[in-house]
There are 2 protein chains.
Amino acid sequence: MPIYNFVAGPATLPVPVLNQIQAELTDYQGTGLSILEISHRSPQFTTLLAQAKQLLLQLMHLKASEYEVLFLQGGATLQFTMAPLNLATKFHRVAFVNSGHWAERAMAEAKLIPDLVVDEVASAAPHFNHFPLVELTGPAKYDYLHLTTNNTIYGTALNQLPEVDLPLVGDLSSNFLAQDYPFDRFALIYAGAQKNLAPAGLTVVVVKKTLLAQMPTALPAMLSYRKLAAKDSALNTPPVFQIYVAKLVLEWLVKQGGVAAIEAVNRQKAQLIYDAIDQTTFYHNQVRPADRSLTNVPFTTGDSELDQTFITKAQQAGLMNLKGHRLTGGMRASLYNAMPLEGAVALRNFMLQFAKDHEEEK
Amino acid sequence: MPIYNFVAGPATLPVPVLNQIQAELTDYQGTGLSILEISHRSPQFTTLLAQAKQLLLQLMHLKASEYEVLFLQGGATLQFTMAPLNLATKFHRVAFVNSGHWAERAMAEAKLIPDLVVDEVASAAPHFNHFPLVELTGPAKYDYLHLTTNNTIYGTALNQLPEVDLPLVGDLSSNFLAQDYPFDRFALIYAGAQKNLAPAGLTVVVVKKTLLAQMPTALPAMLSYRKLAAKDSALNTPPVFQIYVAKLVLEWLVKQGGVAAIEAVNRQKAQLIYDAIDQTTFYHNQVRPADRSLTNVPFTTGDSELDQTFITKAQQAGLMNLKGHRLTGGMRASLYNAMPLEGAVALRNFMLQFAKDHEEEK
């Protein structure tokens, strides 16, 4: 029985990548050393790092002359602090779109920074069943506008970037390289790698080079994009293993045809599940259709006991980790890049059969 | 030909650990999922985390009621900032022992914190060929004394903790669990895991529980020991893979007999190399014998061309990464826990033979 893991994160990796990691784990490229033991000052690693950066920029259609790629640690949560520390230096005022839990967390961390004004300029609270529209009128004295492009918990996504005259800062953690954006409209992009790119423990930052020179010089080294960029992400020992896996996943993604191509597959996968929801009265999803997420599909039968039966029986059928987030209950199918179309088909089929079998219980 | 990796870090892992990682990489404990895909909210991971914490405290002879273990990211370099932010709250004044490059880096980062006074109370500059003695007289109005217990670059180590009436903060990165200390004399211990415990990307922090309650509450989450401890290192997605490897290495270390037992082996390994240096006139090591490091042994022939020949020929003989640090030149043998005695024997034999073969070139 094939097993499909619908977990919200850390997420599945492509099977060929897993197999390659396993095959070469004790001998990396004939060195006799494991990738787990390779020095970050070795030519093997510096080559790996350069390849990963080049592949990422290529996939995002960004120029190496315009954008710097950083491979950091600490997750998106550390970026909630680093982004304002490094970027909010002119107006000391930042604008946030409150699209859900993680946007609220980002705001809460920004508010801990002394002398920084944090404005919520749009909000989908309290139901978070849509992605809020941003309308800013008059001269906007903000250092940037912060967007959380996909909301794993509520299953909403930003499907069109707002037309505002402000630098955009994006937390793309949960749909990074899974949904295509005009990435060059961002001043700064950050993403925890554990959804679509690598095992937990790596954070990708892509930042406009022109901004680096304007950043403060007296920040602690590990909180300074400028200092980290000056040392090409190796100011101290970087997470070599995660960067290695990221490089393999990026190569895999190029083979799949790039971000637009994988988005098309993700759209097919998501549509299978949304159709199973919409074409029955058995399942519900509360999100405004235009704002539905491609990577996270929450749904419920409306009956918490029946939801639990669904989750248990799905697990027995090899469809793992479909339990929804504690804030929403119900089910959630996370369909990141490494989830094959077959996984979504299997879930769709299971959903339709389960609806038939349990129709009279509602 | 066996290959021995004398790199200063990321360092070798025990071979049985590497083999186990490889064997179960695509199916962790019969879950059908890779450890790289296991959720940090899963029972598998919470069990793993609890085991790793318990093993670490056991090996350090510390009580879980008195010390908290945190598994963090960002390396020792982020700790250079976090330690003063969290601990220097009463006197806003900290004391540093300048024992080498990494102690200087820790001091430099502390100096970036506004309103913090940083005093160098002992120094081995400029030659760093000994570990400086700390003598503090009178009432010491410091929040803590910072020690870097082992200096990878210069090959010195702190072999006896100073008798001072101050909380001790220790950067134990390069001899963590390789040299036995009375760990309960420290208020805070931190260590990048990549020398003796796990692949790069994990930082271990061990902190006195009584201190946590006194720490500031308004620090950014990822910089707050208190907030990180409240969420048991899973405030956001922790580096699951590194914690898994750490647990395997800790189990291996228990099997070796614990820290005192591995220190005895490390002492044997280091002695083999120091003897090869001292018993010839061919090699030199500048460190005061009482302060010599067990884990990092720098040496030179005194002739940079001959040193280069040594490094090249050693590599051909399977003795890898013996090049010294750019600040010191020459050679350096790093002999962390996972380096078997046979590796040190092989290096000793190579050194003696090389000295014979090249005696007339000096």
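Structural data are supplied above this passage.
Rules and cut-offs
Residues numbered from 1 in each chain as written. Chains lettered and ligands numbered in written order. Predicted model: local features only at pLDDT ≥ 70, side-chain atom pairs only at ≥ 80, totals over all residues. Heavy atoms only, no water. Patch = residues over 30% accessible without salt bridge, like charges linked within 9 Å, V, L, I, M, F, W, Y side chains within 5 Å. Areas by Shrake-Rupley, 256 points an atom, 1.4 Å probe, with all protein chains shown as cover. Salt bridge = Lys/Arg side-chain N within 4 Å of Asp/Glu carboxyl O. Lys, Arg positive; Asp, Glu negative; His and termini not counted. Charge placed at Lys NZ, Arg CZ, Asp CG, Glu CD. Helix = DSSP H or I, 4+ residues; strand = E, 2+ residues; numbered from the N terminus. Least-squares fit on C-alpha atoms with pLDDT ≥ 70 in both. Contact = heavy atoms within 4.5 Å. Pairing = 2+ DSSP bridges. Axes fitted to C-alpha atoms, helices over the stretch in contact; angles between N-to-C directions. Buried area = accessible area lost by both parts, 1.4 Å probe. Buried < 20%, exposed > 50% of the residue type's maximum accessible area, 1.4 Å probe, protein only. Polar contact = N/O pair within 3.5 Å; in protein donor to acceptor, adjacent residues only side chain to side chain. Phe/Tyr/Trp six-rings, centres within 6.5 Å; stacked < 30°, edge-to-face > 60°.

1. Concerning a negative patch on the surface
A contiguous patch of negative charge, built from Asp357(A), Glu359(A), Glu360(A) and Glu361(A), is present on the exposed surface. Within the element layout of this structure, Glu361(A) appears in the segment after α10 (341-358).

2. Digging into the relation of the copies chain A and chain B
For the pair chain A and chain B, the relating rotation is 180°, the translation along its axis is 0.0 Å, and the fit reaches an RMSD of 0.0 Å. The two molecules are tied by a two-fold rotation axis, judged by turn and shift. Looking at the interface residues of chain A, 100% of them are also at the interface in chain B, so both copies use one shared face.

3. Observations regarding the sheet that holds strand β5 (residues 144-148) of chain A
Neighbouring strands of a sheet are bound in pairs by backbone hydrogen bonds; such pairs are parallel or else antiparallel. All names here are of chain A. Across the sheet, seven strands lie side by side as β2-β10-β9-β8-β5-β3-β4; this open sheet has mixed pairing. Strands with a single pairing partner mark the edges of an open sheet, and in this sheet they are β2 (67-72) and β4 (117-123). Neighbour-to-neighbour, the strand axes of this sheet turn through a mean angle of 20°, independent of strand direction. Bridge analysis of β2 against strand β10 (residues 203-208) gives six bridges, and the strand direction is antiparallel. Bridge pairing in β10 links Leu-70 to Val-205. Helix-sheet contacts for helix α2 (residues 43-60) involve β2, β9 (186-192) and β10, and the interaxial angle to β2 is about 125°. Most of the contacts of helix α3 (residues 75-87) go to β9, to which it runs at about 160°, and overall it touches β2, β5, β8 (168-171), β9 and β10.

4. Section: the interface of chain A and chain B
On the chain B side, the residues contacting the 54 residues of chain A number 55 residues. Buried area between chain A and chain B, both sides added, is near 4,100 Å², and the carbon and sulfur share of it is 64%. When residues of chain A are sorted by the area they lose upon contact with chain B, Gln22(A), Leu36(A) and Glu37(A) head the list and together hold 15% of the total. The interface formed by chain A and chain B contains zero salt bridges. Looking at the side of chain A that touches chain B, the elements with two or more residues in it are α1 (15-23), α3, α4 (101-111) and α7 (240-255) of chain A. Looking at which element gives the most residues to the side of chain A that touches chain B, the answer is α1(A), with five residues.

5. Points about the side chain of Glu37(A)
Here Glu37(A) is to be found in the loop between α1 and α2. The side chain of Glu37(A) sits in the buried core without any salt bridge; Lys269(B) is the nearest counter-charge, 13 Å away. A polar contact is formed between the side chain of Glu37(A) and the backbone nitrogen of Leu13(B), at a distance of 2.8 Å. Discounting residues that sit within four places of it in the chain, Glu37(A) has contacts with Asn5(B), Val7(B), Pro10(B), Ala11(B), Thr12(B), Leu13(B) and Leu18(B).

6. Here's the deal with the packing of aromatic side chains
Inspection of the entire model under this criterion finds 27 aromatic pairs over all chains. Ring centres of Phe282(A) and Phe354(A) lie 6.0 Å apart, and the angle between their planes is 75°; on these two criteria the pair is classed as edge-to-face. On the criterion of sequence distance, the pair formed by Phe282(A) in the loop between α8 (259-278) and β11 (296-299) and Phe354(A) in helix α10 is long-range, its members being 72 residues apart. Pair check on accessibility: Phe282(A) and Phe354(A) agree, each one buried. Centre to centre, the rings of Phe310(A) and Phe350(A) are 5.2 Å apart; their planes meet at 80°, and the pair counts as edge-to-face. Taken as a pair, Phe310(A) in helix α9 (residues 304-316) and Phe350(A) in helix α10 lie far apart in primary sequence, 40 residues in all. The exposure class assigned to Phe350(A) is buried, which follows from its relative accessible area of 17%. Through successive ring pairs, a cluster of aromatic residues spans Tyr28(A), Phe241(A), Tyr244(A), Tyr28(B), Phe241(B) and Tyr244(B).

7. Observations regarding the pairing of strand β5 (residues 144-148) of chain B
All names here are of chain B. For β5, the buried fraction is high: five of the five residues fall into the buried class. Judged by which residues are buried, β5 turns out to be covered on both faces: Tyr-144, His-146 and Thr-148 on one side and Leu-145 and Leu-147 on the other are all buried. Here three bridges tie strand β3 (residues 93-98) to β5, and the two strands are oriented parallel to one another. By the bridge assignment for β5, Ala-95 is matched with Leu-145. Judged from the four bridges that link them, β5 and strand β8 (residues 168-171) form a sheet pairing that is parallel. In the sheet register, Thr-148 faces β8, and the bridge partner there is Asp-171.

8. Description of the pattern of salt bridges
Tallied over the entire structure, the rule returns 20 salt bridges over all chains. Between Asp232(A) and Lys53(A) there is a salt bridge; the shortest N-O distance is 2.6 Å. Taken as a pair, Asp232(A) in the loop between α6 (225-230) and α7 and Lys53(A) in helix α2 lie far apart in primary sequence, 179 residues in all. Its salt-bridge partner being Arg185(B), residue Glu163(B) comes within 3.8 Å of it at the nearest N-O pair. Taken together, the positions of Glu163(B) in the loop between β7 (156-157) and β8 and Arg185(B) in the loop between β8 and β9 (186-192) put the pair 22 residues apart, joining distant regions of the chain. By relative accessible area, which is 70% here, Glu163(B) ends up exposed. A relative accessible area of 29% means that Arg185(B) is categorised as partly exposed. Each of Lys53(A), Glu68(A) and Asp232(A) takes part in one network of salt bridges that share partners.

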